[in-house]
Amino acid sequence: MSAAARSKTSQSGTRVLRVLDALKGHSLTGVSNGELAKALGESPATVNRVLNTLIEAGFAIRLDNGRFAHSVKLLQIAQAHANEMARSQSRINELSQRVAAGAH
């Protein structure tokens, strides 16, 4: 990233998004603070602050095993997006069929 681009972004916001992304694929078993810190090249204290921010905002949870995962709220956002894309694809398919059949 260029210096100009960095000056227009939030470093803390970028950290939050990187942690959110690193939680991907761990919805059932979660991932530990230490694993996240190592994967992201951040200190465990920094990752802990980010996780607390995500939990407070409702986008992450601490599982019973002490590990972290995306929250139901975030999974609902992903599902809503998937549903919207499916509806859009259905509409595209319908229009394509009408065009192929020569309908008006």
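None of these values were measured; they are calculated from a predicted model.

Conventions and cut-offs
- Residues numbered from 1 in each chain as written.
- Predicted model: local features only at pLDDT ≥ 70, side-chain atom pairs only at ≥ 80, totals over all residues.
- Heavy atoms only, no water.
- Helix = DSSP H or I, 4+ residues; strand = E, 2+ residues; numbered from the N terminus.
- Buried < 20%, exposed > 50% of the residue type's maximum accessible area, 1.4 Å probe, protein only.
- Contact = heavy atoms within 4.5 Å.
- Axes fitted to C-alpha atoms, helices over the stretch in contact; angles between N-to-C directions.
- Parallel < 35°, antiparallel > 145°, perpendicular 65-115°, else oblique.
- Left-handed = near helix turned anticlockwise from the far one by under 90°.

Participant: Honestly, the overall build of the protein in this entry has me stumped. Any pointers?
Facilitator: Scanning the protein from N- to C-terminus turns up 5 helices and 2 strands. The secondary structure elements of the protein, listed N-terminal to C-terminal, are α-α-α-α-β-β-α. Taking the principal axes of its C-alpha atoms as reference, the protein extends roughly 65 × 40 × 20 Å. Each of the 104 residues in the protein was classed as buried or not, and the buried ones make up 21%. Of all intrachain contacts in the protein linking residues separated by at least 6 positions in sequence, the fraction that spans at least 24 positions is 47%.

Participant: Can you help me understand the packing of helix 3 (residues 33–40) against helix 4 (residues 44–57) in this one?
Facilitator: When two helices pack together, their arrangement is given by the angle between the helix axes and by the axis-to-axis distance. Interaxial distance between helix 3 and helix 4 falls to 9 Å at its minimum, and their mutual angle equals 110°. Relative to helix 4, the element helix 3 lies roughly perpendicular. Regarding helix 3 and helix 4, the two cross each other, and that crossing is right-handed. Along its contact with helix 3, which presents N33, L36 and A37, the element helix 4 presents P44, V47, N48 and L51.

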